[in-house]
Amino acid sequence: MKIFSIFSLLLLLLLPILASCHEKQVYIVYFGGHKGEKALHEIEENHHSYLMSVKESEEEARYSLIYSYKHSINGFAALLTPHEASKLSELEEVVSVYKSEPRKYRLQTTRSWEFSGVEESVQPNSLNKDNLLLKARYGKDVIIGVLDSGLWPESKSFSDEGLGPIPKSWKGICQSGDAFNSSNCNKKIIGARYYIKGYEQYYGPLNRTLDYLSPRDKDGHGTHTSSTAGGRKVPNVSAIGGFASGTASGGAPLARLAMYKVCWAIPKEGKEDGNTCFDEDMLAAMDDAIADGVDVISISIGTKEPQPFDQDSIAIGALYAVKKNIVVSCSAGNSGPAPSTLSNTAPWIITVGASSVDRAFLSPVILGNGKKFTGQTVTPYKLEKEMYPLVYAGQVINSNVTKDVAGQCLPGSLSPKKAKGKIVICLRGNGTRVGKGGEVKRAGGIGYILGNNKANGAELVADPHFLPATAVDYKSAMQILNYINSTKSPVAYIVPAKTVLHSKPAPYMASFTSRGPSAVAPDILKPDITAPGLNILAAWSGGSSPTKLDIDDRVVEYNIISGTSMSCPHVGGAAALLKAIHPTWSSAAIRSALITSAGLRNNVGEQITDASGKPADPFQFGGGHFRPSKAADPGLVYDASYQDYLLFLCASGIKDLDKSFKCPKKSHLPNNLNYPSLAIPNLNGTVTVSRRLTNVGAPKSVYFASAKPPLGFSVEISPPVLSFKHVGSKRTFTITVKVRSDMIDSIPKDQYVFGWYSWNDGIHNVRSPIAVKLA
């Protein structure tokens, strides 16, 4: 009894402390920008003083401080109770206090550069001055910072052979940790850091069997994105099974790379579901990247739900990066095809959608009735004979599987008695594409067909399956099911895959790419641009399998994966090339050059389509498919400064993101930001906006305006002719968009319609998309 009483007393004493610990969470306390030049220790002491004002002791205040941000935002991340966070938010100098949400941010998951007009190889004796890589000296000495899951330094894509000294502007470090030390950095990988305090605050100490406590990549994603942006040229590489063989190269092969590992494996979840990246860790990484001296930041990370700018850590960190003239490229997200699903919608970020390249991995399905359906795969496995029994997954399930998931081949759903020796067709939906094939193999199936659902349309993702397999589009899947249901003994054969170049049409938009309009800032047309993101080959981690599934023990040096995560570093690499050619250009000028020079046509001369073959629109591709060579000489650019972005925020109702900047009494329209596109979400009659062009082409030039108005609207540009007397000269014009009274009945209700306006001098065509919706 006495022991029990002492235990009860201790429990009563500890309960308030335990409750308090449970109540505490990480919050970001944001003051805006830094005022004046303060020493780093002064900034940290200042942040500590704010914690002292809400904590009971100095020890508790110091313990609670997780990060003090010194180079980008003025703010800190700390362990606070909701009451403490509320008290700090009431202070006049505090812009915002927001909670770090676990799983708020996740990673968005060769031939692509050649397809995009950047030649992968130049003849040794070639003196073609127009070649982008030659003009940019292959991105020599431009520094690309990547926020991701780490990298695999032994990859040939990160060789520093022949590279000169590390640029003197570099101030970063090579941080040691698990299986990683300073020798893993070189003249290619010039920096590597990791950020885990936020992650460990939520999940506890990292499980070192799940991930490396270091910049080393145990996932593959970070290695893939880094090598896509700035990997070296590596001949004779291919994916598993020998697919996509050739020379792998990043966009800027002589650029330097710095990895900022901010994304980590989620405990008790499969790697295939993606890593998680915490607000406070990403802000710390961007804080360091700015101080380290990077020129470009590539961030293939996004949110499931669009975030307001004052609670979006990527947007806040990127704003201060852009202030230092760093280009920030971010993925649009993989939540398509639904509208308004975009991540990273801030106008100071280049937001990138995903599209295809002209390469396919064809593996047709032949049915017993002779019909043949095109499929794609990169599985290295082949069927021995020509025909095998064919079944629909719903016909060979275990008795406990519910009807709503019967055809989806989820783990443990198939009956080995019914599936053994058969080709099984499974439908997309829940579960992973490769995991479904793993279930077919577990149940003894001899082959696997992955059928698209309606939302996926004709988009075919090539996966390295565990058995002979292929993926077919929605129409083909339905016809195969009809054959099974109408035939007594259905049979099929899966033809071994082969790599086919110059496939048509290409590019088309991936169905997974997130769409506009922006839910956060509908006055800014997003995404900005599209780049290759479907079936992209790049370097991979030796600590991860090609599928990232637990049941996969294969190891590869290069891997094919898909996502806006893959398109984002394409634009990061292109931005590095443009930085090398035009080192004084602002981030906005580089974004403008990419948007206004982008292409709208596929390789059969028609408008870019979606995965189902329907015409795509600027809410999928922005200005179009990126053409880096054209962007190097855009003629004119729409420039914007840090102050312009603050004025935009004022007009959008966000007045204190930088406390040192006072919003004007009379606010402009948000769509008056000098942006290379135009979005008008609720037009009632007439809207007039202004734009300013800067000449970056011929010293003396004359440009003429033209427009293709959206259906039911008129577009007037004034003045219609602009003369530029020298490089750097600026000219302002207005765009008036008006409802045509004679066509108002033809305008779709509650829908956007699209058009274009352009400036042309006979050499350059500076084109901008328009999106308009009636009020």
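Residues numbered from 1 in each chain as written. Predicted model: local features only at pLDDT ≥ 70, side-chain atom pairs only at ≥ 80, totals over all residues. Heavy atoms only, no water.

## A word on the pairing of strand 32 (residues 701-708)
We apply this condition: Being paired, for any two strands, means DSSP has found at least two bridges between them. Secondary structure elements are taken from DSSP: a helix is a run of H or I of four residues or more, a strand is a run of E of two residues or more, and numbering for both begins at the N terminus.
Inspection of the sheet shows strand 32 paired to strand 34 (residues 721-724) by 4 bridges, in the antiparallel sense. Bridging across to strand 34, Phe704 finds its partner in Val721.

## A look at the environment of Asn684
Of note, Asn684 is situated in the loop between strand 30 (678-683) and strand 31 (686-695). Along the sequence, Asn684 and Trp585 sit 99 residues apart, while their C-alpha atoms lie 37 Å from each other.

## Points about the UniProt feature "domain: Subtilisin-like protease fibronectin type-III" (unreviewed entry) in the chain
Quick reminder of the rule: UniProt positions are given in the numbering used here, feature names are shortened, and annotations may be inferred rather than shown by experiment.
Taken from the UniProt record, the annotation "domain: Subtilisin-like protease fibronectin type-III" (unreviewed entry) applies to residues 672-772. Helix makes up 0% of residues 672-772 and strand makes up 59%, while its end C-alpha atoms are separated by 15 Å.

## As for the UniProt feature "active site" (unreviewed entry) in the chain
Our working definition: Here's how the labels work: a residue is buried when its accessible area is under 20% of the maximum for its type, exposed when over 50%, partly exposed in between, all with a 1.4 Å probe on protein chains only. Residues adjacent in sequence count toward polar contacts only when both atoms are side-chain atoms; beyond that, a polar contact is any pair of N or O atoms within 3.5 Å, and within protein one must be able to donate a hydrogen and the other to accept it.
The residues that UniProt annotates with the feature "active site" (unreviewed entry) are Asp148, His221 and Ser565. What stands out for the annotated residues spanning 418 residues is how close their C-alpha atoms remain, the widest pair being 9.8 Å apart. Inspection of the secondary structure puts His221 in helix 8 (residues 221-230). Judged by relative accessible area, His221 falls into the buried class, the value being 1%. Along the chain, the position of Ser565 falls in helix 14 (residues 564-581). Exposure remark for Ser565: the relative accessible area of 0% places this residue in the buried category. Within the structure, the side chain of Ser565 is placed 2.8 Å from the side chain of His221, a separation counted as a polar contact.

## Concerning the packing of aromatic side chains
Heads up, the condition is: Pairing of aromatic rings covers Phe, Tyr and Trp, the last through its six-membered ring, and needs centres within 6.5 Å; plane angles under 30 degrees mean stacked, over 60 mean edge-to-face, and all others mean tilted. By the criterion adopted, a ring carries a charge over it if an Arg CZ or a Lys NZ lies within 6 Å of its centre and within 35 degrees of its normal.
Applying the stated criterion to the full structure yields 23 aromatic pairs. Aromatic pair Tyr703 and Phe724: ring centres 5.9 Å apart, planes at 90°, arrangement edge-to-face. Highlighted residues: Tyr703 in strand 32 and Phe724 in strand 34, separated in sequence by 21 residues. Aromatic rings pair up to connect Tyr194, Tyr199, Tyr202, Tyr203, Trp264 and Phe278 into one cluster. Between Lys385 and the ring centre of Tyr388, over which it is positioned, the NZ or CZ distance is 5.1 Å.

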